[in-house]
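# Working through the structure, step by step
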2 protein chains.
Amino acid sequence: MTEKLEQVLPGDIEKRSFEIITQELGDRTFDPLEEPVIKRCIHTSADFDYADNLVFSPGAVRKALEAIRSGALIVTDTNMGKAGVSKKTLASFGGEVLCFMADPDVAEAAKREGTTRAVASMRKAAALSRETERPLILAVGNAPTALVEICSLMDAGELSPALVIGVPVGFVNVVAAKELLLERDVPSIVAKGRKGGSNIAAAICNAILYMARDGVK
Amino acid sequence: MTEKLEQVLPGDIEKRSFEIITQELGDRTFDPLEEPVIKRCIHTSADFDYADNLVFSPGAVRKALEAIRSGALIVTDTNMGKAGVSKKTLASFGGEVLCFMADPDVAEAAKREGTTRAVASMRKAAALSRETERPLILAVGNAPTALVEICSLMDAGELSPALVIGVPVGFVNVVAAKELLLERDVPSIVAKGRKGGSNIAAAICNAILYMARDGVK
(Lines give C-alpha, C1' and ligand atoms only; values in the text may rest on other atoms or scores of the structure.)
Protein backbone atom coordinates (compact mmCIF):
# COMPACT_ATOMS: atom_id res chain seq x y z
CA MET A 1 0.00 0.00 0.00
CA THR A 2 2.90 2.33 0.66
CA GLU A 3 4.53 2.04 -2.77
CA LYS A 4 3.37 5.53 -3.80
CA LEU A 5 4.64 7.10 -0.58
CA GLU A 6 8.03 8.79 -0.39
CA GLN A 7 10.17 7.38 2.40
CA VAL A 8 10.81 10.44 4.56
CA LEU A 9 11.34 10.28 8.32
CA PRO A 10 8.58 12.16 10.16
CA GLY A 11 11.15 14.59 11.60
CA ASP A 12 12.41 15.40 8.08
CA ILE A 13 9.05 16.11 6.45
CA GLU A 14 9.03 19.81 7.31
CA LYS A 15 12.59 20.26 6.02
CA ARG A 16 11.75 18.43 2.77
CA SER A 17 8.57 20.50 2.40
CA PHE A 18 10.52 23.76 2.68
CA GLU A 19 13.02 22.46 0.10
CA ILE A 20 10.17 21.82 -2.33
CA ILE A 21 8.69 25.28 -1.67
CA THR A 22 12.12 26.89 -2.24
CA GLN A 23 12.56 24.92 -5.47
CA GLU A 24 9.15 25.93 -6.80
CA LEU A 25 9.72 29.60 -5.96
CA GLY A 26 12.64 29.36 -8.42
CA ASP A 27 14.62 32.54 -8.91
CA ARG A 28 12.50 34.70 -6.64
CA THR A 29 14.39 36.44 -3.86
CA PHE A 30 13.02 37.79 -0.61
CA ASP A 31 14.27 39.79 2.35
CA PRO A 32 16.07 37.21 4.53
CA LEU A 33 13.91 37.99 7.59
CA GLU A 34 10.69 37.94 5.58
CA GLU A 35 11.44 34.77 3.63
CA PRO A 36 10.76 32.28 6.49
CA VAL A 37 7.41 33.98 7.13
CA ILE A 38 6.39 33.80 3.46
CA LYS A 39 7.48 30.17 3.16
CA ARG A 40 5.65 29.11 6.32
CA CYS A 41 2.42 30.66 5.02
CA ILE A 42 2.84 28.65 1.81
CA HIS A 43 3.68 25.55 3.89
CA THR A 44 0.47 25.85 5.92
CA SER A 45 -1.82 26.44 2.92
CA ALA A 46 -0.02 25.00 -0.15
CA ASP A 47 -1.03 28.34 -1.69
CA PHE A 48 1.78 30.16 -3.48
CA ASP A 49 -0.29 33.37 -3.58
CA TYR A 50 1.36 34.15 -0.23
CA ALA A 51 4.61 34.77 -2.12
CA ASP A 52 2.88 37.80 -3.64
CA ASN A 53 0.28 39.08 -1.21
CA LEU A 54 2.23 39.48 2.03
CA VAL A 55 3.24 43.07 2.80
CA PHE A 56 5.73 43.80 5.57
CA SER A 57 6.18 47.27 7.08
CA PRO A 58 9.90 48.22 7.25
CA GLY A 59 11.66 46.19 9.97
CA ALA A 60 8.44 44.44 11.05
CA VAL A 61 10.03 41.03 11.60
CA ARG A 62 13.03 42.46 13.48
CA LYS A 63 10.69 44.37 15.80
CA ALA A 64 8.57 41.26 16.29
CA LEU A 65 11.68 39.23 17.20
CA GLU A 66 12.58 41.86 19.83
CA ALA A 67 9.04 41.71 21.19
CA ILE A 68 9.08 37.90 21.38
CA ARG A 69 12.44 37.99 23.18
CA SER A 70 10.96 40.49 25.67
CA GLY A 71 8.13 38.10 26.65
CA ALA A 72 5.42 39.41 24.34
CA LEU A 73 1.75 38.66 24.70
CA ILE A 74 0.15 37.39 21.50
CA VAL A 75 -3.59 38.03 21.26
CA THR A 76 -5.55 36.25 18.51
CA ASP A 77 -9.09 36.89 17.30
CA THR A 78 -10.03 33.18 17.20
CA ASN A 79 -9.43 30.22 19.47
CA MET A 80 -8.42 28.37 16.34
CA GLY A 81 -5.55 30.83 15.81
CA LYS A 82 -4.55 30.45 19.45
CA ALA A 83 -4.56 26.66 19.10
CA GLY A 84 -2.14 26.92 16.17
CA VAL A 85 0.54 29.03 17.88
CA SER A 86 3.54 27.12 19.28
CA LYS A 87 2.97 27.71 22.97
CA LYS A 88 6.12 25.80 23.92
CA THR A 89 8.41 28.11 21.95
CA LEU A 90 6.55 31.21 23.10
CA ALA A 91 6.74 30.12 26.76
CA SER A 92 10.51 29.62 26.46
CA PHE A 93 10.73 33.42 26.08
CA GLY A 94 8.22 34.06 28.88
CA GLY A 95 5.43 34.89 26.45
CA GLU A 96 1.89 33.63 26.21
CA VAL A 97 -0.92 33.52 23.67
CA LEU A 98 -4.41 34.64 24.61
CA CYS A 99 -7.80 34.76 22.92
CA PHE A 100 -10.66 36.63 24.57
CA MET A 101 -13.41 35.76 22.09
CA ALA A 102 -15.14 33.24 24.38
CA ASP A 103 -14.70 35.29 27.59
CA PRO A 104 -17.99 36.17 29.33
CA ASP A 105 -16.79 39.73 30.09
CA VAL A 106 -16.11 40.25 26.39
CA ALA A 107 -19.59 39.04 25.46
CA GLU A 108 -21.06 41.42 28.08
CA ALA A 109 -18.92 44.37 26.96
CA ALA A 110 -19.88 43.77 23.31
CA LYS A 111 -23.57 43.77 24.23
CA ARG A 112 -23.26 46.84 26.49
CA GLU A 113 -21.21 48.80 23.95
CA GLY A 114 -23.29 47.69 20.95
CA THR A 115 -20.36 46.17 19.13
CA THR A 116 -18.89 42.79 18.14
CA ARG A 117 -17.00 40.43 20.41
CA ALA A 118 -14.00 40.88 18.11
CA VAL A 119 -13.99 44.62 18.80
CA ALA A 120 -14.51 44.11 22.54
CA SER A 121 -11.68 41.59 22.67
CA MET A 122 -9.28 44.04 20.98
CA ARG A 123 -10.28 46.68 23.59
CA LYS A 124 -9.52 44.12 26.30
CA ALA A 125 -6.13 43.39 24.71
CA ALA A 126 -5.30 47.12 24.60
CA ALA A 127 -6.25 47.54 28.27
CA LEU A 128 -4.19 44.52 29.27
CA SER A 129 -1.17 45.81 27.37
CA ARG A 130 -1.44 49.22 29.05
CA GLU A 131 -1.70 47.58 32.50
CA THR A 132 1.11 45.06 32.08
CA GLU A 133 3.38 47.16 29.82
CA ARG A 134 4.31 43.94 28.01
CA PRO A 135 4.85 44.11 24.25
CA LEU A 136 1.72 43.09 22.38
CA ILE A 137 1.41 41.19 19.10
CA LEU A 138 -2.11 41.22 17.68
CA ALA A 139 -2.80 38.32 15.31
CA VAL A 140 -6.03 38.89 13.38
CA GLY A 141 -6.98 36.04 11.04
CA ASN A 142 -10.73 36.33 11.04
CA ALA A 143 -12.48 39.59 11.94
CA PRO A 144 -12.01 42.74 9.85
CA THR A 145 -13.83 44.63 12.62
CA ALA A 146 -10.92 43.73 14.93
CA LEU A 147 -8.48 45.41 12.53
CA VAL A 148 -10.68 48.51 12.24
CA GLU A 149 -10.84 48.73 16.05
CA ILE A 150 -7.05 48.36 16.32
CA CYS A 151 -6.72 51.36 13.97
CA SER A 152 -9.20 53.39 16.09
CA LEU A 153 -7.41 52.51 19.34
CA MET A 154 -4.03 53.44 17.83
CA ASP A 155 -5.44 56.73 16.48
CA ALA A 156 -6.74 57.53 19.99
CA GLY A 157 -3.33 56.79 21.52
CA GLU A 158 -4.73 53.88 23.52
CA LEU A 159 -2.77 51.12 21.82
CA SER A 160 0.79 50.78 20.58
CA PRO A 161 1.35 47.19 19.44
CA ALA A 162 4.77 45.70 18.72
CA LEU A 163 3.24 44.05 15.64
CA VAL A 164 -0.16 43.77 14.00
CA ILE A 165 -0.66 40.65 11.90
CA GLY A 166 -3.51 41.69 9.63
CA VAL A 167 -4.64 38.60 7.77
CA PRO A 168 -8.42 38.31 8.13
CA VAL A 169 -9.92 36.20 5.36
CA GLY A 170 -13.13 36.94 3.57
CA PHE A 171 -15.39 38.82 1.25
CA VAL A 172 -16.91 41.69 3.24
CA ASN A 173 -14.78 44.61 4.47
CA VAL A 174 -11.64 42.48 4.59
CA VAL A 175 -9.76 44.32 1.84
CA ALA A 176 -10.81 47.75 3.18
CA ALA A 177 -9.82 46.89 6.77
CA LYS A 178 -6.37 45.79 5.61
CA GLU A 179 -5.96 49.05 3.68
CA LEU A 180 -6.84 51.04 6.79
CA LEU A 181 -4.12 49.21 8.70
CA LEU A 182 -1.57 49.75 5.93
CA GLU A 183 -2.15 53.53 6.21
CA ARG A 184 -1.10 53.45 9.88
CA ASP A 185 2.46 53.85 11.17
CA VAL A 186 2.75 50.54 13.02
CA PRO A 187 4.85 47.40 12.49
CA SER A 188 2.60 45.15 10.46
CA ILE A 189 2.41 42.04 8.31
CA VAL A 190 -0.63 42.07 6.04
CA ALA A 191 -1.96 39.60 3.46
CA LYS A 192 -3.31 41.99 0.84
CA GLY A 193 -6.61 41.04 -0.75
CA ARG A 194 -9.16 38.54 0.50
CA LYS A 195 -6.89 35.75 1.61
CA GLY A 196 -5.63 34.93 5.08
CA GLY A 197 -7.18 33.08 8.00
CA SER A 198 -6.50 31.79 11.48
CA ASN A 199 -4.08 29.23 10.04
CA ILE A 200 -2.12 32.00 8.30
CA ALA A 201 -2.11 34.17 11.46
CA ALA A 202 -0.72 31.23 13.45
CA ALA A 203 1.82 30.40 10.73
CA ILE A 204 3.18 33.96 10.81
CA CYS A 205 3.48 33.83 14.61
CA ASN A 206 5.24 30.47 14.42
CA ALA A 207 7.67 31.57 11.70
CA ILE A 208 8.80 34.44 13.93
CA LEU A 209 8.86 32.23 17.05
CA TYR A 210 11.08 29.65 15.33
CA MET A 211 13.44 32.42 14.13
CA ALA A 212 13.66 33.68 17.71
CA ARG A 213 14.33 30.11 18.92
CA ASP A 214 17.01 29.58 16.27
CA GLY A 215 18.89 32.73 17.28
CA VAL A 216 18.12 34.81 14.17
CA LYS A 217 19.17 38.41 14.75
CA MET B 1 -12.06 56.26 8.72
CA THR B 2 -14.95 53.98 7.88
CA GLU B 3 -15.76 55.50 4.49
CA LYS B 4 -14.26 52.52 2.63
CA LEU B 5 -16.19 50.02 4.70
CA GLU B 6 -19.44 48.52 3.52
CA GLN B 7 -22.22 48.96 6.09
CA VAL B 8 -23.20 45.38 6.85
CA LEU B 9 -24.60 44.24 10.19
CA PRO B 10 -22.26 41.72 11.84
CA GLY B 11 -24.99 39.06 11.71
CA ASP B 12 -25.37 39.56 7.96
CA ILE B 13 -21.70 39.32 6.99
CA GLU B 14 -21.71 35.56 6.50
CA LYS B 15 -24.87 35.73 4.37
CA ARG B 16 -23.39 38.52 2.24
CA SER B 17 -20.13 36.56 1.89
CA PHE B 18 -21.96 33.52 0.57
CA GLU B 19 -23.87 35.74 -1.89
CA ILE B 20 -20.55 37.06 -3.23
CA ILE B 21 -19.13 33.52 -3.49
CA THR B 22 -22.28 32.37 -5.35
CA GLN B 23 -22.04 35.35 -7.70
CA GLU B 24 -18.37 34.71 -8.48
CA LEU B 25 -18.98 31.01 -9.13
CA GLY B 26 -21.25 32.20 -11.96
CA ASP B 27 -22.96 29.48 -13.95
CA ARG B 28 -21.33 26.58 -12.16
CA THR B 29 -23.72 24.06 -10.65
CA PHE B 30 -23.08 21.61 -7.85
CA ASP B 31 -24.89 18.77 -6.13
CA PRO B 32 -27.24 20.51 -3.66
CA LEU B 33 -25.81 18.61 -0.66
CA GLU B 34 -22.20 19.23 -1.73
CA GLU B 35 -22.62 22.92 -2.58
CA PRO B 36 -22.71 24.21 1.04
CA VAL B 37 -19.53 22.27 1.80
CA ILE B 38 -17.71 23.66 -1.25
CA LYS B 39 -18.84 27.21 -0.52
CA ARG B 40 -17.83 27.03 3.15
CA CYS B 41 -14.33 25.90 2.17
CA ILE B 42 -14.10 28.91 -0.15
CA HIS B 43 -15.50 31.12 2.63
CA THR B 44 -12.83 30.01 5.09
CA SER B 45 -9.89 30.40 2.67
CA ALA B 46 -11.00 32.88 -0.02
CA ASP B 47 -9.55 30.25 -2.34
CA PHE B 48 -11.80 29.29 -5.25
CA ASP B 49 -9.63 26.23 -5.98
CA TYR B 50 -11.96 24.40 -3.59
CA ALA B 51 -14.67 24.62 -6.26
CA ASP B 52 -12.52 22.24 -8.31
CA ASN B 53 -10.48 20.09 -5.95
CA LEU B 54 -13.12 18.67 -3.57
CA VAL B 55 -14.12 15.08 -4.33
CA PHE B 56 -17.16 13.53 -2.63
CA SER B 57 -17.80 9.79 -2.59
CA PRO B 58 -21.41 9.00 -3.61
CA GLY B 59 -23.82 10.02 -0.83
CA ALA B 60 -21.01 11.15 1.49
CA VAL B 61 -22.84 14.23 2.81
CA ARG B 62 -26.11 12.37 3.34
CA LYS B 63 -24.28 9.66 5.32
CA ALA B 64 -22.47 12.32 7.33
CA LEU B 65 -25.78 14.03 8.16
CA GLU B 66 -27.14 10.71 9.44
CA ALA B 67 -24.01 10.22 11.54
CA ILE B 68 -24.25 13.73 13.02
CA ARG B 69 -27.92 13.16 13.87
CA SER B 70 -26.95 9.90 15.60
CA GLY B 71 -24.52 11.66 17.96
CA ALA B 72 -21.30 11.14 16.03
CA LEU B 73 -17.84 11.55 17.45
CA ILE B 74 -15.61 13.77 15.33
CA VAL B 75 -11.88 13.12 15.74
CA THR B 76 -9.42 15.66 14.32
CA ASP B 77 -5.68 15.33 13.80
CA THR B 78 -4.89 18.80 15.21
CA ASN B 79 -6.12 20.82 18.16
CA MET B 80 -6.48 23.69 15.71
CA GLY B 81 -9.02 21.69 13.73
CA LYS B 82 -10.84 20.79 16.94
CA ALA B 83 -10.92 24.48 17.95
CA GLY B 84 -12.58 25.35 14.64
CA VAL B 85 -15.49 22.90 14.86
CA SER B 86 -18.81 24.31 16.09
CA LYS B 87 -19.08 22.47 19.38
CA LYS B 88 -22.44 24.07 20.20
CA THR B 89 -24.11 22.67 17.07
CA LEU B 90 -22.44 19.29 17.48
CA ALA B 91 -23.51 19.07 21.15
CA SER B 92 -27.13 19.79 20.18
CA PHE B 93 -27.09 16.37 18.46
CA GLY B 94 -25.27 14.69 21.36
CA GLY B 95 -21.96 14.63 19.51
CA GLU B 96 -18.51 15.76 20.53
CA VAL B 97 -15.21 16.61 18.91
CA LEU B 98 -11.98 15.09 20.16
CA CYS B 99 -8.29 15.42 19.35
CA PHE B 100 -5.82 12.98 20.85
CA MET B 101 -2.60 14.54 19.53
CA ALA B 102 -1.56 16.04 22.87
CA ASP B 103 -2.63 13.03 24.98
CA PRO B 104 0.21 11.47 27.02
CA ASP B 105 -0.99 7.90 26.21
CA VAL B 106 -0.80 8.73 22.49
CA ALA B 107 2.76 10.04 22.86
CA GLU B 108 3.69 6.84 24.76
CA ALA B 109 1.99 4.56 22.22
CA ALA B 110 3.73 6.34 19.35
CA LYS B 111 7.10 5.86 21.02
CA ARG B 112 6.41 2.24 21.95
CA GLU B 113 5.08 1.35 18.49
CA GLY B 114 7.75 3.34 16.61
CA THR B 115 5.24 5.53 14.82
CA THR B 116 3.91 9.09 14.74
CA ARG B 117 1.45 10.59 17.19
CA ALA B 118 -0.92 11.11 14.26
CA VAL B 119 -0.95 7.35 13.59
CA ALA B 120 -1.31 6.51 17.30
CA SER B 121 -4.20 8.95 17.63
CA MET B 122 -6.06 7.34 14.70
CA ARG B 123 -5.57 3.92 16.38
CA LYS B 124 -7.03 5.40 19.57
CA ALA B 125 -9.99 6.78 17.60
CA ALA B 126 -10.63 3.37 16.02
CA ALA B 127 -10.51 1.66 19.42
CA LEU B 128 -12.87 4.24 20.93
CA SER B 129 -15.31 3.83 18.05
CA ARG B 130 -15.31 0.03 18.46
CA GLU B 131 -15.90 0.36 22.23
CA THR B 132 -18.64 2.98 22.08
CA GLU B 133 -20.25 1.89 18.78
CA ARG B 134 -20.88 5.56 18.04
CA PRO B 135 -20.54 6.74 14.43
CA LEU B 136 -17.12 8.22 13.81
CA ILE B 137 -16.14 11.11 11.55
CA LEU B 138 -12.38 11.42 11.04
CA ALA B 139 -11.28 14.94 10.04
CA VAL B 140 -7.68 14.93 8.84
CA GLY B 141 -6.32 18.38 7.90
CA ASN B 142 -2.68 17.94 8.66
CA ALA B 143 -1.04 14.50 8.76
CA PRO B 144 -0.89 12.30 5.65
CA THR B 145 0.32 9.48 7.94
CA ALA B 146 -3.08 9.66 9.68
CA LEU B 147 -4.83 9.02 6.35
CA VAL B 148 -2.50 6.12 5.53
CA GLU B 149 -3.22 4.58 8.94
CA ILE B 150 -6.97 5.01 8.45
CA CYS B 151 -6.64 3.02 5.21
CA SER B 152 -4.65 0.28 6.99
CA LEU B 153 -7.15 0.04 9.85
CA MET B 154 -10.06 -0.17 7.38
CA ASP B 155 -8.25 -2.83 5.33
CA ALA B 156 -7.75 -4.83 8.55
CA GLY B 157 -11.46 -4.54 9.42
CA GLU B 158 -10.67 -2.57 12.56
CA LEU B 159 -12.29 0.69 11.54
CA SER B 160 -15.48 1.58 9.72
CA PRO B 161 -15.91 5.35 9.80
CA ALA B 162 -19.13 7.15 8.88
CA LEU B 163 -17.01 9.70 7.00
CA VAL B 164 -13.34 10.39 6.37
CA ILE B 165 -12.50 14.02 5.66
CA GLY B 166 -9.16 13.71 3.88
CA VAL B 167 -7.77 17.21 3.52
CA PRO B 168 -4.19 17.19 4.81
CA VAL B 169 -2.17 20.07 3.36
CA GLY B 170 1.39 19.87 2.21
CA PHE B 171 4.18 18.81 -0.04
CA VAL B 172 5.34 15.37 1.12
CA ASN B 173 3.10 12.28 0.73
CA VAL B 174 -0.07 14.38 0.88
CA VAL B 175 -1.20 13.68 -2.69
CA ALA B 176 -0.33 9.97 -2.41
CA ALA B 177 -2.15 9.57 0.92
CA LYS B 178 -5.29 11.15 -0.53
CA GLU B 179 -5.11 8.79 -3.52
CA LEU B 180 -4.89 5.79 -1.18
CA LEU B 181 -8.05 6.97 0.57
CA LEU B 182 -9.87 7.53 -2.72
CA GLU B 183 -9.22 3.86 -3.65
CA ARG B 184 -11.09 2.70 -0.53
CA ASP B 185 -14.83 2.03 -0.31
CA VAL B 186 -15.68 4.51 2.46
CA PRO B 187 -17.73 7.71 2.60
CA SER B 188 -15.15 10.44 2.04
CA ILE B 189 -14.61 14.09 1.21
CA VAL B 190 -11.14 14.73 -0.17
CA ALA B 191 -9.35 17.88 -1.36
CA LYS B 192 -7.36 16.49 -4.27
CA GLY B 193 -3.82 17.80 -4.62
CA ARG B 194 -1.72 19.59 -2.04
CA LYS B 195 -4.30 21.92 -0.59
CA GLY B 196 -6.33 21.55 2.58
CA GLY B 197 -5.56 22.21 6.22
CA SER B 198 -7.09 22.22 9.68
CA ASN B 199 -9.21 25.23 8.70
CA ILE B 200 -10.61 23.30 5.71
CA ALA B 201 -11.24 20.18 7.83
CA ALA B 202 -13.17 22.31 10.35
CA ALA B 203 -15.06 24.14 7.58
CA ILE B 204 -16.25 20.83 6.10
CA CYS B 205 -17.41 19.64 9.55
CA ASN B 206 -19.23 22.93 10.13
CA ALA B 207 -20.93 22.95 6.72
CA ILE B 208 -22.42 19.53 7.50
CA LEU B 209 -23.27 20.53 11.08
CA TYR B 210 -25.14 23.64 9.91
CA MET B 211 -27.04 21.57 7.32
CA ALA B 212 -28.04 19.15 10.10
CA ARG B 213 -29.10 22.10 12.29
CA ASP B 214 -31.12 23.62 9.44
CA GLY B 215 -33.06 20.41 8.84
CA VAL B 216 -31.52 19.51 5.48
CA LYS B 217 -32.51 15.96 4.52
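Description of the structure in this document. Owing to the predicted nature of the structure, the values given are computational and were not obtained by experimental measurement.

This part is about the packing of aromatic side chains. For the structure shown, the criterion picks out two aromatic pairs over all chains. Their ring planes at 85° and their centres at 6.1 Å tell us that Phe48 of chain A and Phe171 of chain B sit as a pair that is edge-to-face. On the criterion of chain membership, the pair formed by Phe48 of chain A in the loop between α2 (35–45) and α3 (50–53) and Phe171 of chain B in the loop between β5 (163–166) and α10 (174–182) is interchain, its members lying in two chains. For Phe48 of chain A, a relative accessible area of 23% translates into the label partly exposed.

Take the interface of chain A and chain B next. In this assembly, 44 residues from chain A lie in contact with 44 residues from chain B. Summing the contributions of chain A and of chain B, the shared interface buries around 3,500 Å²; its carbon and sulfur component is 69%. The interface formed by chain A and chain B holds two salt bridges in total. Between Arg194 of chain B and Glu24 of chain A there is a salt bridge, with the nearest N and O atoms lying 2.6 Å from each other. Counting across the chain A and chain B interface gives five residue pairs in polar contact (both at pLDDT 80 or more). Going through the elements one at a time, α1 (13–25), α2, α5 (79–84), α9 (144–155), α10 (174–182) and α11 (198–213) of chain A are the ones with two or more residues in the side of chain A that touches chain B. Among the elements that take part in the side of chain A that touches chain B, α1 of chain A stands out by supplying six residues, more than any other. The class makeup of the residues in the side of chain A that touches chain B is 21 nonpolar, 12 polar and 11 charged.

Our next topic: the sheet that holds strand β3 (residues 96–99) of chain B. All names here are of chain B. Taken in spatial order, the six strands line up as β1-β6-β5-β4-β2-β3 in an open sheet, and their pairing is mixed. The outermost strands of the open sheet, each flanked by one partner alone, are β1 (54–56) and β3. In this sheet, adjacent strand axes meet at a mean angle of 15° when their direction is disregarded. Pairing geometry for strand β4 (residues 136–140) and β5, over four bridges, is parallel. Among the inter-strand pairings, Ala139 is bridged to a residue of β5, identified as Ile165. Across the face of the sheet, helix α8 (residues 117–132) comes into contact with β2 (73–76), β3 and β4 while running at roughly 170° to β2.

What follows deals with the pattern of salt bridges. The final tally for this structure, using the stated rule, is 36 salt bridges over all chains. We note a salt bridge from Glu96 of chain A to Arg134 of chain A, for which the minimum N-O separation is 3.4 Å. Separated by 38 residues along the polypeptide, Glu96 of chain A in strand β3 (residues 96–99) and Arg134 of chain A in the loop between α8 (117–132) and β4 (136–140) bring together distant segments of the chain. Among the ionic pairs, Asp49 of chain B bridges to Lys195 of chain B, the shortest N-O distance being 2.7 Å. In this pair, Asp49 of chain B is assigned in the loop between α2 (35–45) and α3 (50–53) and Lys195 of chain B in the loop between β6 (188–191) and α11 (198–213), connecting sequence segments 146 residues apart. Residue classification places Lys195 of chain B among the buried residues on the basis of a relative accessible area of 11%.

To continue, consider the packing of α8 of chain A against α9 of chain A. Residues and elements named next belong to chain A. Running from N to C, α8 and α9 point in directions that differ by 40°, and their axes come no closer than 8 Å. Considered as vectors, α8 and α9 are oriented oblique to each other. The way α8 lies across α9 gives a crossing that is right-handed. Taking contact as the criterion, the partners of Ala118, Val119, Met122, Arg123 and Ala126 in α8 are, on α9, Thr145, Ala146, Glu149, Ile150 and Leu153. Tallied by class, residues from the contact of α8 with α9 come to seven nonpolar, one polar and two charged.

Moving on, we come to the packing of helix α4 (residues 60–69) of chain B against α11 of chain B. Residue and element names in this part refer to chain B. The interhelical angle for the contact between α4 and α11, taken along N-to-C directions, is 70°, at an axis separation of 10 Å. When the interaxial angle is binned, α4 and α11 end up roughly perpendicular. Remark: the crossing between α4 and α11 carries right-handed chirality. On the side of α4, the interface is formed by Val61, Ala64, Leu65, Ile68 and Arg69, while α11 contributes Ile208, Leu209, Met211 and Ala212. Looking at side-chain class alone, the contact of α4 with α11 contains eight nonpolar, no polar and one charged residues.

Turning to α2 of chain B, a few remarks are in order. Residue and element names in this part refer to chain B. The buried count for α2 comes to eight of 11 residues, which makes it a mostly enclosed element. Within α2, burial applies to Val37, Ile38, Lys39, Arg40, Cys41, Ile42, His43 and Ser45. Downstream of α2 by a residue or two, Ala46 has a phi angle that is positive, lying close to 55°.

Parameters and conventions
Residues numbered from 1 in each chain as written. Chains lettered and ligands numbered in written order. Predicted model: local features only at pLDDT ≥ 70, side-chain atom pairs only at ≥ 80, totals over all residues. Heavy atoms only, no water. Phe/Tyr/Trp six-rings, centres within 6.5 Å; stacked < 30°, edge-to-face > 60°. Helix = DSSP H or I, 4+ residues; strand = E, 2+ residues; numbered from the N terminus. Buried < 20%, exposed > 50% of the residue type's maximum accessible area, 1.4 Å probe, protein only. Contact = heavy atoms within 4.5 Å. Buried area = accessible area lost by both parts, 1.4 Å probe. Salt bridge = Lys/Arg side-chain N within 4 Å of Asp/Glu carboxyl O. Polar contact = N/O pair within 3.5 Å; in protein donor to acceptor, adjacent residues only side chain to side chain. Nonpolar A, V, L, I, M, F, W, Y, C, P; charged D, E, K, R; others polar. Pairing = 2+ DSSP bridges. Axes fitted to C-alpha atoms, helices over the stretch in contact; angles between N-to-C directions. Parallel < 35°, antiparallel > 145°, perpendicular 65-115°, else oblique. Left-handed = near helix turned anticlockwise from the far one by under 90°.

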